[in-house]
Amino acid sequence: MSNPTAPVDEILPFGKLTALGLQHVLVMYAGAVAVPLIIGRALSLDSHEVSLLIAADLFACGIVTIIQSLGATQWFGIKLPVMMGVSFAPVGPMIHIASSNPGHEGAQLLFGTIIAAGIVTIIIAPWISRLLRFFPPVVTGTIIAIIGITLMRVGINWIFGNPFGPTAPNVINPEYSTWLQQAQAAAGAPGSAIPAVPKGLSILPTMPNPRYADLTGVGIAAIVLLSILVIAKFSKGFLGNIAVLLGIVVGAVITSAMGIMTYEKVAKAPWVDIVLPFHFGMPRFDVFMIITMVLVMIVILIESTGMFLALSDMTGKKITQKDLARGLRTDGLGTLVGGIFNTFPYSSFSQNVGLVAVTGVRSRYVCVMGGVILVILGLLPKLAALVESLPTVVLGGAGLVMFGMVTATGIRILGGVDFRANRHNAVIVAISIGVGMIPVVAPNFRQWMPHAIHPLIESGILLTSLSAVLLNVFFNGAPHDTDAAVEAAKHAEA
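For the structure given in this document, a descriptive report is provided here. (Residues numbered from 1 in each chain as written. Predicted model: local features only at pLDDT ≥ 70, side-chain atom pairs only at ≥ 80, totals over all residues. Heavy atoms only, no water.)

What is expected of a backbone is that most residues other than glycine have negative phi and most peptide bonds are trans. The phi dihedral of Ala 213 falls on the positive side, at around 55°, and the residue is not glycine. Judged by its relative accessible area of 27%, Ala 213 falls in the partly exposed class. Non-glycine residue Phe 278 carries a positive phi angle of around 50°. Tracing the backbone through its elements, the reader meets Phe 278 in the loop between helix 10 (264-268) and helix 11 (287-315). (Buried < 20%, exposed > 50% of the residue type's maximum accessible area, 1.4 Å probe, protein only. Helix = DSSP H or I, 4+ residues; strand = E, 2+ residues; numbered from the N terminus.)

Here is the structure:
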């Protein structure tokens, strides 16, 4: 009698794979292209070269996603439904490098730093994987819950607008801005009695921004959310699995009809653009920048551990230390590939973990197809521009469902934790979530701390992970490998 195929290894029909893979791509696309836009501007690159960074990013995203989900040799790929994307953790150090060294020389230094950090990450990944025994269900459930809570901020900002920038809640009153400009001009006039305007004087935003929480956008997000719920409720089988994709399509149709979703970028984008390595020249290396980036990569590896444990629970595939080492090593390989192809450090994308929970589709080949689609988008800028034209309010409606499901998964894991016989477990969960909420509620909490440690403390997921692990060791003792294996087996059986 042949053994049945595990859900995570199931190969679906091509049409279903394509639709489900596209669904994953749409969910992670906005986050995938954000970092190239930020760093491209910091490097003072022209619009064509920023477009090249985006194309390279999508291409490398696809390559690394395929390796992570499909597996490559015995060294790389955790073989779970993982979508890889550019991590936001190293944005701070990368902006510092880019703004201090703009232009092609800065790009050479930046990508040299990324290449070196990728190599070091590949080497240290097996040591990081040994931390797996410190992640019993009380720690894992807490981390997964805070991942969902942290992502909720992303989904809410997709709907209402970002706290800063053109969609910030408040803007400067144009009358105040005009007055300040006139005062500056008068102060600079010959013989003027008005003292010069102090350097750095600016006017704070004081009036509501009409672009923030626009009721039209909120209504579109609500329609997308309602569409997903209706499709998930009344559809069966494959249609239910692509409820998020269908909801996004509904939002795209509505926004196109209203003139909100436009296609100017599609018309201007070329059909084909080949991604070449070392476009900006041969990389340059700086020891101190490499050390900083390696520290950030350790943060990424710890966050990835939480993602992999979440996917392990969702798919029913228990991961071993060797599996975790392969997954973390692929984070390093992706970063190395990113540096070679003019892009940035990679990690598993947390947005897509929620999609696995929503759809219930556990096949890793869905993400392999998502990787193939990303490679195609990287080579065909016109198609990439079409996806980029999708308004973020459409994604916001879907985000509430997906990110909430991640939190629900963490709560479900915590439901199997013994809080009655071991009262310390409640303390571990309470304090760890509280610490993890600090960057969400008070994002400027680190403003008086040394800049060198900012990348290490700005992630709520990392702070939760460290707190939960340390508190668990303090209250329950350091687990041995055998104890962790028994605990994991009991949890899987439950």
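To continue, consider the side chain of Ser 432. Mapping Ser 432 onto the fold places it in helix 17 (residues 424-436). Here Ala 468 takes part through its backbone nitrogen, which lies 3.2 Å from a polar atom of the side chain of Ser 432. (Polar contact = N/O pair within 3.5 Å; in protein donor to acceptor, adjacent residues only side chain to side chain.)

On to the packing of helix 1 (residues 14-42) against helix 13 (residues 350-359). The geometry of helix 1 relative to helix 13 is characterised by a closest axis approach of 9 Å and an angle of 140° between their N-to-C directions. Accordingly, the angle class assigned to the pair helix 1 and helix 13 is oblique. Our pair here, helix 1 against helix 13, has a crossing hand that is right-handed. Where helix 1 abuts helix 13, its residues Gln 23, His 24, Val 27 and Met 28 lie against Gln 351, Asn 352, Leu 355, Val 356 and Thr 359. Looking at the contact of helix 1 with helix 13 residue by residue, the class counts come to four nonpolar, five polar and no charged. (Axes fitted to C-alpha atoms, helices over the stretch in contact; angles between N-to-C directions. Parallel < 35°, antiparallel > 145°, perpendicular 65-115°, else oblique. Left-handed = near helix turned anticlockwise from the far one by under 90°. Contact = heavy atoms within 4.5 Å. Nonpolar A, V, L, I, M, F, W, Y, C, P; charged D, E, K, R; others polar.)

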